[in-house]
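# Topology and contacts: notes
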Amino acid sequence: MRFRHPDGSVVHLAYCTNVHPAETLDGVLAQLRDHCEPVRRRLGRDRLGIGLWLARDAAHALVTDPSALRGLRAELDRRGLEVVTLNGFPYEGFGAEEVKYRVYQPDWADPERLDHTTSLARVLAGLLPDDVTEGSISTLPLAWRTAYDDARAEKARAALLTLAERLDALEELTGRSIRVGLEPEPGCVVETTRDAITPLTAIGHDRVGVCVDTCHLATSFEDPHTALDTLGVARVRVVKAQLSAALHAEHPRLPEVRAALAAFAEPRFLHQTRTTTPAGLAGTDDLDEALTGDALPDTAPWRAHFHVPLHADPAAPLTSTLPVLKSALARLVGGPHPLTRHLEVETYTWQALPPELRPRVRAQLTDGIAAELTLARELLTDLGLKELP
């Protein structure tokens, strides 16, 4: 979906396909048929943007076989879909029964991460619509914090510099400008937007910036305006933004609140949980850890890294951090010029919701994704953007 900003530029809105598990190119093509095109039709649109997630095997197939890449591009066109952004964070196995810490491997100190991201950039250059010259890729925020030291930090810095040089060369070759954004996430080396500034200024290249995920922003209790102002002062580019909402518990000490939270503690994904204290942010790596004994102070609200559907608040006594998303979006695209032109709804946890909230058939998932995009569309038009055909 495209929107005209009051300054005349085009802002793209997509939904991320990492909600649909697929490791191979055949799986990706099935996604387009079974999920993406039905969402477009449900919205009544001739064209729908998708934030494509390509696992290692799918990306390798596309980058090594020009005919396969042309075939994917033709299939996108045939189904009324377009791609300006990729989710390059998960490497493989995102549809596994247990993902947890595996999603942070390989990290930016490992050569596989550079090779994979380079492949994604080359693929994206071939998938961009004919009238679009800029693409974006979100990626791992360097590494999970416990597997990082000075030596690995230097390897990561060198890898990102090499990536930036390759992206420069790619633009010279194709005329397509691809940028990559580190996606701050709780528990990682880059947990907050402020954490991104030092490594990115050390790289000092416009090709590598930040992907702002509003669920992660909220989980770490970052104020959106302060965060985005800080990035602006540091001249760190917002490459893309992921529109998502975290789980919020206002009174975590109450038994009924803990019981409600426990329904969201599930074995597939990591749900980092945070609260504020006089000494600063406190947290656990997962929600079930927070609910065990006194692992986390419970005198202030808790937020958990669980991407809840944007259009449907959890049942009381829980809520979502949709207000943080709205505040961030107002700052991102509500000003005289957009801070980013790539927006992506990223609720990948539909099948990890408590059983009674999960879609039971494909059509229910289609309805849910369409409802999220409808909400995002309304938020954008309320900010003065005009939806384009």
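Just above, that's the structure.
The present account deals with the structure reproduced in this document. (Residues numbered from 1 in each chain as written. Predicted model: local features only at pLDDT ≥ 70, side-chain atom pairs only at ≥ 80, totals over all residues. Heavy atoms only, no water.)

### Brief notes about the pairing of strand 11 (residues 280–284)
Our working definition: Strands pair, by our definition, only if DSSP identifies at least two bridges between them. Put simply, DSSP marks the helices as runs of H or I at least four residues long and the strands as runs of E at least two long, and each gets a number from the N terminus on.
Both strand 10 (residues 273–277) and strand 11 contribute to a ladder of 5 bridges, which runs antiparallel. Bridging from a neighbouring strand, Thr 276 pairs with Leu 281 of strand 11. Hairpin connection between strand 10 and strand 11: a loop of 2 residues separates the two successive antiparallel strands.

### Some points on helix 2 (residues 56–64)
Test applied: Summary of the burial criterion: residues with accessible area below 20% of their type's maximum are buried, those above 50% are exposed, and those between are partly exposed, where the area comes from a 1.4 Å probe applied to protein chains only. This arc corresponds to the set of directions leading from the helix axis out to the C-beta atoms. Contact definition: two residues touch when any of their heavy atoms are within 4.5 Å.
Of the positions making up helix 2, those classed as buried are Ala 58, Ala 59 and Leu 62. Considered in projection along helix 2, the buried side chains sweep an arc of 95 degrees and stay on one side of the axis. Those residues of helix 2 that are buried lie in contact with helix 1 (25–43), helix 3 (66–78) and helix 4 (111–127).

### Side note on the sheet that holds strand 13 (residues 318–320)
Test applied: Every angle, taken between N-to-C directions, lies between 0 and 180 degrees, and every axis is a line fitted to C-alpha atoms, over only the stretch in contact when it is a helix.
Judged by pairing direction, the sheet is antiparallel, and its 5 strands sit side by side in the order 11-10-12-9-13 without closing on themselves. The open sheet is flanked by strand 11 and strand 13, the only strands paired with a single partner. Strand after strand, the sheet turns through a mean of 30 degrees between neighbouring axes, direction not considered. With 3 bridges joining them, strand 9 (residues 245–249) and strand 13 adopt antiparallel strand pairing. The residue bridging His 248 from the neighbouring strand is Thr 319, located in strand 13.

Any link to function would need more than the numbers given here.
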